[in-house]
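Descriptive analysis of the structure
For reference, the chains in residue letters:
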Amino acid sequence: MSLVGLVSGAVRRVATPAALAGAAFVAAKAMAAFTSPDAKADSARSMTKPLYEAHRPSTTLQKTFIATGAALMGFGDPTDGSHIAALGDATSNGFFGKIRQQMISDPTGRRILKERPQISFTPEQWEALANLPEGSFGHTYYNQMKRNGISWSTRPPVHFVDNEEDAYMLLRYRQCHDFYHTVLDLDISVVEELAIKVFEWRQTGLPVGLIASVFGPLRLPPNEKVRFFSHYLPWAMQCGSQAKPIISVYWEEMLERSVDEVRKEMGVWLLPERNSVTHAENYTAVVH
Amino acid sequence: MRSQRSAVALLLATRCRPSLFSRVARSRPFTTALRSDSPLEATSGDVYDVVIVGGGPAGCALAGILGSSAALADARIALVDPGKLVDVRQWEPPSDTYLTRTLQITSSNKRYLDSLGMWDQCFVDRVQPYNRAIVTDALGHGKLDLEGAALESLAEGHAAYMIETKNLVGGLLRSLHHNGRRVDIFERAKVVDIGVGDSAHRTKGLSAISAASSWPVVTLSTEQRLRTRLLVGADGANSLVRKYAQIGTHNNKYGQYGLVATLCLEQLNQTAFQRFLPSGPIALLPFPGGFANLVWSLDAEVVRLLKTVPEDSFASFVNAAFRLSPPEMDHLYSLARAGATTGEIKAEVAWRLSVHANNHPNAEDWMPPIVAATSPRSRTSFPLHMRVVDRLVAARVALVGDAGHVMHPLAGQGLNMGLEDVRCLAAILEQA
């Protein structure tokens, strides 16, 4: 086939959807820019001023676009954490009641909200974890990360949450994700990550947890789907509902404590089938 | 309303001879009417055209209106109350606070009382006229800014007036004292019994014949007996007159209490504020001099808790209740239950208020001024319920005010409806 024919054929195939997409984009922008004639002159509509450093104020329509786009991209490539992060940002506004209530009614949670600690490790601190006693939380965490071939890394900041305290709570929840791997003794295969997502959804009530839990398993190969629905899902649902709120834990202070003690305090019990031979075959797509 | 008007007119027309009231205007026919019942006349005690049981705002207003009415110039009217009305009439208002039991009077009721010269008898400098109410909800999104100035029906004056109950009743009694010599006041007289006719004299042939023997007789604790043509029940929620008339009610016990207090604000304020929380509405009503009246609907346990916390803590709770979310309020309550000190509660409230202020920069436009202090010993509570009668009138009985309808105070309409009852009844009696 000639080059011209190829190109024109491609363009013809792409032109109509591209034109439609363009028209839709322009229409959406016009809708977003529409101001009600009754609105007072200086009312903020649904956009506030920036309330914290990384804050990008957005209207509800903009958030819908961000959420849809992030969901599609995240479904396509779940290894990139920033997509799920953006999805979480855009969909979580107004759903922080449960987390806020959990943190405010717990003395440690209140301390976290007042002190605003950020989880981070310098390379020296990271290596120091290896020197912690055997069976301690920090040691187990370090070994697990090493075994899975990953290391601690900064999480993407929160951009689209329109409340400064809620943004901190969401960031804290993201930063603690790795600790959840250790507490629940789950590695980084897709099935296990989904189990942790279900657990988190039961704990926090955030919509991103539900979205990930519902659409995530659709990607799984059939044998893993069976394993997920028969073992991981029931366990995660029940453990998540019954465990103490995990967001109120001051993880920085837990590193030296025994991991079994931490699990007992959290009211967490481990999935018996998790490290069995069958489950070691789980597809590992997630690389932090 | 129309059915009540015709009912009352009907009872007055058929039970007694048709133009008896017009005869009353010309002469004193009571003696002629009762001639055939001389034993009754001799021993039944006082006979009245209208006996008003209850010297609250509705009862005193009715007594004043009937007493100063030209059409009822020769009617005998009595007002009965178990309390010391002279103390209310001679009440000296405190200079450093306002009482917690207050009333909202609407513009039309105020104009009516003004036209009869009763409003000026109150301490007008203790009345707060206001034109604006701001209403918000627990989620922080719903907001209403009600401006009375936009009302076309408001020709002059303000949309509403806040007045202490004792101020209003005192003013009405003073007006009665100066003008209504026709009204006999029986104070410190509890109603012991209300009965029909005089059973001691119910001999054969007499009972069914004479109209007067079927008139209600009110027996007082002072051993006086008042026989009346029309018995008006203005005796409040647990009305004895209503029980006598066997008028049924429809009740709704909310299971909550209204916590009231007098607060001192950080700045002068002429706006009413109300916030609808899941536990019930909280309202801050303006008074002169930076004072405010708080009415907060709460469950019994929280009312008990808030009445026992120190007064500085209480002021923090009120500030928090208008701004914070329900889970944050629950957290503050559990802190108080656990016995936190005033300093701890204040610090916690300050922290949450600063977080709230950081995240809602424009919210203070919709919030009441910060409460600086609670007036000492001003926290009280009363149970909240709704009670509505099946009918406001019965044979020779009319109910006005709370005796006929008790409602939740959230819109401040209870006495305003009572005053509408009074106006309606007075108009009917003047026509009859």
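What counts and what doesn't
- Residues numbered from 1 in each chain as written.
- Chains lettered and ligands numbered in written order.
- Predicted model: local features only at pLDDT ≥ 70, side-chain atom pairs only at ≥ 80, totals over all residues.
- Heavy atoms only, no water.
- Helix = DSSP H or I, 4+ residues; strand = E, 2+ residues; numbered from the N terminus.
- Buried < 20%, exposed > 50% of the residue type's maximum accessible area, 1.4 Å probe, protein only.
- Salt bridge = Lys/Arg side-chain N within 4 Å of Asp/Glu carboxyl O.
- Pairing = 2+ DSSP bridges.
- Axes fitted to C-alpha atoms, helices over the stretch in contact; angles between N-to-C directions.
- Contact = heavy atoms within 4.5 Å.
- Buried area = accessible area lost by both parts, 1.4 Å probe.
- Patch = residues over 30% accessible without salt bridge, like charges linked within 9 Å, V, L, I, M, F, W, Y side chains within 5 Å.
- Areas by Shrake-Rupley, 256 points an atom, 1.4 Å probe, with all protein chains shown as cover.
- Expected span 1.5 Å × (residues − 1).
- Right-handed = clockwise from strand over helix to strand, strands pointing away.
- Parallel < 35°, antiparallel > 145°, perpendicular 65-115°, else oblique.
- Left-handed = near helix turned anticlockwise from the far one by under 90°.
- Phe/Tyr/Trp six-rings, centres within 6.5 Å; stacked < 30°, edge-to-face > 60°.

- Under the annotation held in an unreviewed UniProt entry, chain B carries the name Ubiquinone biosynthesis monooxygenase and is attributed to Coemansia furcata.

- Under an unreviewed UniProt entry, chain A has the name Ubiquinone biosynthesis protein and belongs to Coemansia furcata.

1. A closer look at unusual backbone geometry
- With a phi close to 50°, D185(A) is a non-glycine residue in the positive phi region.
- Residue position: D185(A) is located in the loop between α9 (177-184) and α10 (190-204).
- Given a relative accessible area of 16%, D185(A) falls into the buried group.
- Not every positive phi belongs to a glycine, and Q246(B) is a case in point at roughly 55°.
- Inspection of the secondary structure assignment puts Q246(B) in the loop between α9 (240-244) and β12 (249-265).

2. Observations regarding the pattern of salt bridges
- A full pass over the atoms with the stated rule returns 25 salt bridges over all chains.
- Among the ionic pairs, K197(A) bridges to E200(A), the shortest N-O distance being 3.4 Å. Of this pair, K197(A) and E200(A) are both found in helix α10, three residues apart, which corresponds to roughly one turn of the helix. An identical accessibility class is assigned to K197(A) and E200(A); each is buried.
- For D145(B), the salt bridge identified is with R132(B), shortest N-O distance 2.8 Å. In this pair, D145(B) is assigned in strand β6 (residues 143-147) and R132(B) in strand β5 (residues 132-137), connecting sequence segments 13 residues apart.
- Given the relative accessible area of 35%, D145(B) is considered partly exposed.
- Residues participating in the shared-partner salt-bridge network are R100(A), E165(A), D166(A), E328(B) and R352(B).

3. Notes on the sheet that holds strand β4 (residues 128-130) of chain B
Residues and elements named next belong to chain B.
- Pairing is antiparallel across the open sheet formed by three strands, whose spatial order is β3-β7-β4. Taken across any chain shown, the strands that pair with only one partner, and hence form the sheet edges, are β3 (102-106) and β4. Along the sheet, successive strands turn relative to each other by an average axial angle of 25°, direction set aside.
- In terms of strand pairing, β3 meets strand β7 (residues 160-164) through five bridges, oriented antiparallel. Within β7, the residue paired with Q104 across the bridge is M162.

4. Some remarks on the interface of chain A and chain B
- Contacts between chain A and chain B engage 10 residues on the former and 12 residues on the latter.
- Of the roughly 1,000 Å² buried between chain A and chain B, counting both surfaces, carbon and sulfur atoms make up 58%.
- Per-residue buried area on chain A facing chain B is highest for I104(A), R110(A) and K114(A); these three make up 38% of the total on that side.
- Linking chain A with chain B are three salt bridges, by the criterion used here.
- We note a salt bridge from E348(B) to R110(A), for which the minimum N-O separation is 3.4 Å.

5. Re a nonpolar patch on the surface
Residues and elements named next belong to chain A.
- Among the surface-exposed residues, F75, L210, V214, F215 and L218 lie close enough to one another that they form a single nonpolar patch of about 450 Å² accessible area.
- Considering every element that reaches the nonpolar patch, the biggest residue donor is helix α11 (residues 207-215), with three residues.
- For L218, the position within the fold is in the loop between α11 and α12 (222-242).
- The exposed category is assigned to L218, whose relative accessible area is 52%.

6. Describing helix α11 (residues 311-323) of chain B
Residues and elements named next belong to chain B.
- Across its 13 residues, α11 extends 19 Å between first and last C-alpha, which sits within 8% of the 18 Å expected from 1.5 Å per residue.
- Burial runs high along α11: 11 of the 13 residues are buried.
- Those residues of α11 that sit buried are S313, F314, A315, S316, F317, V318, N319, A320, A321, F322 and R323.

7. Points about the side chain of T262(B)
- Locating T262(B) in the fold gives a position in strand β12.
- If sequence neighbours within four positions are ignored, T262(B) has contacts with T97(B), Y98(B), L99(B), T100(B), F291(B), A292(B), T374(B), S375(B) and S378(B).

8. Considering the pairing of strand β2 (residues 77-81) of chain B
Residues and elements named next belong to chain B.
- The buried count for β2 comes to five of five residues, which makes it a mostly enclosed element.
- Of the two faces of β2, the one carrying I77, L79 and D81 and the one carrying A78 and V80 are both buried.
- Between the parallel elements strand β1 (residues 46-53) and β2, the chain passes through helix α5 (residues 57-67) in a crossover that is right-handed.
- Relative to strand β8 (residues 183-187), β2 runs parallel, the two being bridged by five bridges.

9. Let's talk about the packing of helix α10 (residues 300-308) of chain B against helix α12 (residues 326-337) of chain B
Residue and element names in this part refer to chain B.
- One way to put it is that α10 packs onto α12 with a least axis distance of 10 Å and a crossing angle of 60°. As judged from the angle between their axes, α10 and α12 are oblique. Along this stretch, α10 crosses α12, giving a crossing that reads as left-handed. Here E301, V302, L305 and L306 of α10 come into contact with α12, specifically with Y333, A336 and R337.

10. Here we look at the environment of R229(B)
All names here are of chain B.
- Examined against the element boundaries, R229 turns out to sit in strand β11 (residues 225-233).
- Judged by relative accessible area, R229 falls into the buried class, the value being 2%.
- Here the alpha-carbon distance between R229 and V406, two residues 177 residues apart in the chain, equals 26 Å.

11. What to know about the packing of aromatic side chains
- Tallied over the full model, the rule gives 17 aromatic pairs over all chains.
- Each ring, one from F121(A) and one from W126(A), has its centre 5.5 Å from the other, and the planes form 70°; the classification is edge-to-face. Grouping residues by exposure puts F121(A) and W126(A) together as buried.
- Between Y48(B) and F186(B), the ring centres sit 6.1 Å apart and the planes meet at 85°, which makes this aromatic pair edge-to-face. Of the two residues, Y48(B) is situated in strand β1 and F186(B) in strand β8; the sequence distance between them amounts to 138 residues.
- Here Y48(B) falls in the buried class, since its relative accessible area comes to 2%.
- A residue is classified by how much of its surface remains accessible, and F186(B), at 9% relative accessible area, is buried.

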